[in-house]
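# Analysis of the macromolecular model
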Amino acid sequence: MPPLQPLSPAETPVHHELSLTRRLILLFMFCLAQFLDAFSNSALFSAIPVLEVSMGMTESQSTWIMSAFQLTFASFLLISGRISDVYNPKTGFVWGVFGLGVISLCAGFVVDTIPLIILRALTGIVSAMTIPSALALLVKVFPEPLEQARAIGTFGGCASVASSLGFLIAAMFVQWASYHWVFWFVAIVAVPAALACAFIIPPEIANTKYNLEPEAAKWKSLDLLGVTILTVALILFIFAVTSGSTDGWASAAVLVPLIISIMMMIGFFCWETRIHVDKAAIPPRTWFYPNFSILFAVALLPFFWLFTVFLIFTTLWQNVFEWSAISSAVHMLPIGVAALIMSFTGSLSRIFSPKWIILTGLSFCMVATVLMALGGGKPEDYWPYVFPAFSLGSAGIMLTYSHTNIAIFQAAPSSMAGTVGAIFNGALQFGSSIGLAAVSSIESSVEANHGGSHEYKGRAAVFWFLLAVLSILFISVSIFYHRSTDHTPQPEHGDLGHPARRSTDSDKKLDDVNVTIIEKADLANLPV
């Protein structure tokens, strides 16, 4: 029997060394960072109408107030996740939260459009530093599967809760103070939180498997060329799909970056197959871990669904029904309440198969989407159609979001937690950007021929489109999600016996070496 190998510092469990109180405090700080990131995005739904008036924004400029954050956040997630896996995730987390507070403080003093868009883009970059590093730390604080599922479910739930509560809190600031406090609120919370995290996060949970390597080796492990290619490709792609809904899909300003971005993405995946698997930003084997690809596809949905609902009904209620911002926010509360309740269902994934939980969530969303497609164009439609749709749909999307998040972390090695967190959150933003561009085009084209923005037909068409997307995902999960790996231990980093490992040339070479060694050992045992 071969001798047992000692665990690396990154693999050593730390949950027995930390008290329950300290672990819960750490979970609270990680969730707070998630809350602030989601708040920074959703709060502007309430503030944009006021910003448009006070700064004299055009329609395209107001779109970029939202899109600038999504563009940089999604684009820089991968490099942030890779840095968390290779270097110290504590450093990235603390500086990310601190940077979010400082930039938000500055944004509160800005009164011009262009500087605000630039600061929103910078906010996306620092926010991208916090999520992968928080997840990399969280899986080390809670390595036991059941506790980890609950922690990841709670962490993910904070994003959905912040999306609805952020809308309400921002509406209160806009109604009773000024839009400046939407930014200053983030600064007031983020800066002290960052300073506290610098002391309460123990250094031992920030170790990575690359800790013992020299700095030069760590630098090479970042795969800077691959990350740069993908980052630029994502920036161009999100820019193209965001501009397409306002500038027209046939314009050169949309088609050129769109084509270049697709070519660069293809180049990125080709590059990843040519370098060593341990130095690749997204090793090709990642997509072959059990259920990883289908879970990535499902991750494109939650923010797309939520932000579409926010966008459709905030514009309808404030611009057509002439409701106040605070009234619109109060009518959105069922989304937050249902999301908060569902955020505590993480332990269900250890009892039932994530497949059935995700399918249940998608079913709820399909029923809710049909209700919103059938009614919602009149104020009296709120209680018979919109309220049950909000309650059922947000519960379903929260089930889908939380258990997709849990399952995708269980599908990959814990040493890849930062990268997996970046991929998952990148999918959320990627789906949101593409989806909002698509629904904006659908709504505009239908309204142009059916009564304009004061009619509900364009919005109803958007929900029928959402129903089609949900149906495709439901069928895909039913067919492609395999339950054979449910409730099994996470694969180990570099586990050659794992089927996903056999995906690169370097892996095949290692398999050939192992076969040769086994054959020689068998020959040595043959009788003479």
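Rules of the game
Residues numbered from 1 in each chain as written. Predicted model: local features only at pLDDT ≥ 70, side-chain atom pairs only at ≥ 80, totals over all residues. Heavy atoms only, no water. Axes fitted to C-alpha atoms, helices over the stretch in contact; angles between N-to-C directions. Helix = DSSP H or I, 4+ residues; strand = E, 2+ residues; numbered from the N terminus. Parallel < 35°, antiparallel > 145°, perpendicular 65-115°, else oblique. Left-handed = near helix turned anticlockwise from the far one by under 90°. Contact = heavy atoms within 4.5 Å. Expected span 1.5 Å × (residues − 1). Buried < 20%, exposed > 50% of the residue type's maximum accessible area, 1.4 Å probe, protein only. Salt bridge = Lys/Arg side-chain N within 4 Å of Asp/Glu carboxyl O.

Moving on: the packing of helix 4 (residues 89-107) against helix 5 (residues 113-141). Packing of helix 4 against helix 5 brings their axes to within 8 Å, and their N-to-C directions diverge by 155°. Between helix 4 and helix 5, the angle falls in the class roughly antiparallel. By crossing handedness, the relation of helix 4 to helix 5 is classed as left-handed. On helix 5, the residues touching P89, K90, G92, F93, W95, G96, V97, G99, L100, I103, C106 and A107 of helix 4 are L116, L119, L122, T123, V126, S127, M129, T130, S133, A134, A136 and L137.

With 24 residues, helix 18 (residues 457-480) extends 35 Å from end C-alpha to end C-alpha; this agrees with the ideal 34 Å at 1.5 Å per step. Of all the residues in helix 18, the buried ones are G458, R459, A460, V462, F463, L466, L467, L470, L473, S476 and V477. Residues of helix 18 that are buried in the fold lie against helix 11 (292-299), helix 12 (302-320), helix 15 (354-374) and helix 17 (417-449).

With that settled, consider the pattern of salt bridges. Scanning all chains against the criterion turns up 3 salt bridges. With a shortest N-O distance of 2.6 Å, E147 and R23 are connected by a salt bridge. Taken together, the positions of E147 in helix 6 (residues 145-176) and R23 in helix 1 (residues 20-42) put the pair 124 residues apart, joining distant regions of the chain. Assessed through its relative accessible area of 28%, E147 is described here as partly exposed.

Here we take up the environment of I266. Position of I266 relative to the elements: it lies in helix 10 (residues 252-272). C-alpha of I266 to C-alpha of L230: the two residues are 36 residues apart in sequence and 9.4 Å apart in space.

Take the environment of A339 next. Counting through the fold element by element, A339 comes out in helix 14 (residues 333-342). The spacing of A339 and S164 is 175 residues in sequence and 8.8 Å in space, taken between C-alpha atoms. For A339, the residues in contact, after removing those within four places along its chain, are S160, V161, S394 and M398.

Turning next to unusual backbone geometry. With a phi close to 70°, N291 is a non-glycine residue in the positive phi region. Looking at the secondary structure, you find N291 in the loop between helix 10 and helix 11. Judged by its relative accessible area of 9%, N291 is buried. Its identity is not glycine, yet E322 carries a phi of approximately 60°, on the positive side.

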